[in-house]
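Single-letter residue listing:
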Amino acid sequence: TSLVANGFQATSPLSVRTSRVSTSSKSVATAPMSATTSSSMSYDEVNKLAFRALQSECKALGLSAVGTTAALRGRLLEHFGLAKEVALEKGAAPAVTPEEIEELCATDGITFCDESDPDFDFKSLLSDVMQKSSVGHWKSATRKLKKLNKQYSTSDRPVPREAYLAVLEACAANRNNGARASEPARKILEDMAESDYEIPTDLANSCVMNSLGEGPGGTHDQCGGIDAALAMVAAVEASPNGSSSLTDATYGRLVSTLANDGAVEEAILVLRSMVVEKLFTPPLGTFADVAKAAAKSDDHAEDVLQVLTYAKAAGYELDNIAAVEAGRDLLASGVIAAEKMDNLALGLRLLTAAAKAEGCAPDSGDDLVASSSAAAQRASTLIHKRAIQQACKDNGWKLAVKLLELMPKRGLTPATSVWRSVVSTCCKNEKSRKATAILMDWITLANEGKADKPPVNVFNTVVNTCEVCGEEDLTVKVLDLMRDTLDTDGNIITFNIALKRLAKTGNIIGCEGILIGMLNEGIEPNVVSYTTVLGACAKTKNAAMASMWLQRMRARNCSPNYHTYNTALAACLDGKLESTFIASKIAAEMVDDASVEMACGIKGVAKFKSSLPDTYTRFLGRELMKQLRENWRSGDIDMVLAKTTTRVPLLKLVDLGKELPPEVMSEILCEIPEEEEDEQSENSEQDYEFSLLAELHKDDHRTAMV
């Protein structure tokens, strides 16, 4: 250590010449934490390294990284074989001994007697140091102290502690001096530690605090900084009783400065030392600064959890800290980190803890945490959105509703997709009243300008659920809400749902009125609309009306599909001969449409466009042939005539295969129109409606889900 050059002296010409010959000329940054270790470094390069860079180089080379700046530099110089250069520099101008002077000046017969004070120069320079320090001239005082320490101090006559303290007090006299004189102050603290001088607590804390600022690297007016402060801390801790000299405020200021400079890992290490080793209780602001810096980076998101753990170890309860701003900042950083890690449970837990804090009135703690910054608000919104989506995926309507209700209370705006998901989940579980209540809350926020208005299909979903659950009053209420909110009676799905209500009761006249209302509104009925009306005919077994609605349907250029034909055929199962005749006619039309489809194919989705008979069609055909047999047995029609006329289309329908004979194929002229864009857009809307139609004409009580 005695060979290490101190921080004040300039490099000698000899060492410069030697370093140019024997070492690399690669330059090294002065302050980065992750310094790049080279295989060889020059004396100048080592001497330029700041405290953290020295530590990094020592760690990379497998050397001890604990100690003062001088100790760290000494290890590096010794490792690179540069210790001799320091010795040469210090010994460049060797002092002349008294014996050499006497030998050079000896004269026969003459005797010399030195009666001067041998400590005169030391005392004189020491007096100058004290005088300059007393008037606050810290620059002059540090230069003279350096000279005193280098040229006149010895092991028997060291620089007194009072001289160090006087200069140190001059350096730390005010904030500006404290930052500008940080390097001389660092060297003084290291010299005092090396000389085993005890450093006053207030002076040690003042030097460290004054060296830290808000500038880059923790500097103040481009002076001082984190490296100087860390070196001072190391020197103070190495001095007698120095382990307890620095206060929690000093360490906390250092931690916050490290965090603000982006040195998250170092800040967490110092914070851990404060809580675990020194048993300090840092203020919440210190934890918040580190957590905020860690939350900004995706790489350090998990470090926020470590900071929260240290806060709990220091005695803070997460359920209470939201009462102060620093505590809310800490929780907000935890929420941001939880969103980045996709840890939804943690994010919701932290917001719940904030809500429990007292002293936030008139607001709630979770609202203040979620709105503390744009990043916190975004993270809180995403956490709730993902949690709601997961709850809906798991069919957990209660959890989804609870999370949705919490969002406005926390100042968060649910997206339209979130509202829609919760409403759909409630409808899927046949919770018509809860779905209606959520829809009303959505409308209220929309009227306040805090959300978009619900689209028509959401109203349709709720209306259909109310129908399934038998809530007639709610159905009317939701329809009124749609009319007041969107200034419309709905779209085609709304009318089809209304048709379904009437069809279930067999109200054919009412269905006709709905279709007229659709046309008056400029809405063209689709295949679902007409099939639903036929369901009313099937409910009342009105074959004549079923045949008439098929004709009206074709007149409006709407082609029936197998759902439509099945519903019309079911309307003919009333045991009457006239109904059997109508069924035979409908069967002939279905066979013709199916034959064209087998020969030419169809354009569009088979579920909506196909007229090919299915299993239920064949069942209906056989039932109608049984009905015809009962008709001839009762004498209503001649058996031979029935078999040669009425039964033929029904038999063809039952026996119709997937392929046609070649002679029939050759007679069919294929003219299949392209599917229109409007029909393509309606496919998704018609999907669930067709699942309702097959059941309308049956006597059971099965219902379909939206």
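Preceding this paragraph is the structure being described.
Reading the values: rules and limits
Residues numbered from 1 in each chain as written. Predicted model: local features only at pLDDT ≥ 70, side-chain atom pairs only at ≥ 80, totals over all residues. Heavy atoms only, no water. Phe/Tyr/Trp six-rings, centres within 6.5 Å; stacked < 30°, edge-to-face > 60°. Helix = DSSP H or I, 4+ residues; strand = E, 2+ residues; numbered from the N terminus. Buried < 20%, exposed > 50% of the residue type's maximum accessible area, 1.4 Å probe, protein only. Lys NZ or Arg CZ within 6 Å of the ring centre and 35° of its normal. Expected span 1.5 Å × (residues − 1). Salt bridge = Lys/Arg side-chain N within 4 Å of Asp/Glu carboxyl O.

K.L.:
Tell me what's going on with the packing of aromatic side chains, and back it up with residues and numbers.
P.N.:
Across all of its chains, the model carries 6 aromatic pairs by this definition. Taken together, a centroid distance of 6.0 Å and an interplanar angle of 40° make the contact between Tyr251 and Phe280 tilted. In this pair, Tyr251 sits in helix α14 (residues 248–260) while Phe280 sits in the loop between α15 (264–277) and α16 (284–295), placing the two residues 29 residues apart along the sequence. Accessibility expressed as a relative area gives 23% for Phe280, which makes it partly exposed. For the ring pair Tyr530 and Trp549, a centre distance of 6.4 Å and an interplane angle of 50° mean the geometry is tilted. Taken together, the residues span a long stretch of sequence, with Tyr530 in helix α29 (residues 527–540) and Trp549 in helix α30 (residues 543–555) at a distance of 19 residues. For the pair formed by Tyr530 and Trp549, the shared burial category is buried. Its end group placed over the ring of Trp549, Arg552 keeps NZ or CZ at 4.4 Å from the ring centre.

K.L.:
Outline helix α24 (residues 432–447), supporting the account with residue identities and numerical values.
P.N.:
When the terminal C-alpha atoms of α24 are compared, their 22 Å separation across 16 residues agrees well with the 22 Å that a helix rising 1.5 Å per residue should span. Looking only at α24, the buried set comprises Ser432, Ala435, Thr436, Ile438, Leu439, Trp442, Ile443, Leu445 and Ala446. Just beyond α24, the residue with positive phi is Gly449, at close to 80°.

K.L.:
Before we move on, can you summarise the pattern of salt bridges with the specific residues and values?
P.N.:
Two side chains carrying opposite charge are able to pair once their charged atoms lie near each other. Summed over all chains, the structure comprises 22 salt bridges. Here Glu190 makes a salt bridge to Arg186, at a shortest N to O gap of 2.9 Å. Here Glu190 pairs with Arg186, and both are found in helix α11 (residues 182–194), just 4 residues apart, close to one helical turn. Residue classification places Arg186 among the buried positions, given a relative accessible area of 5%. The shortest N-O distance in the salt bridge between Glu339 and Arg386 comes to 2.9 Å.

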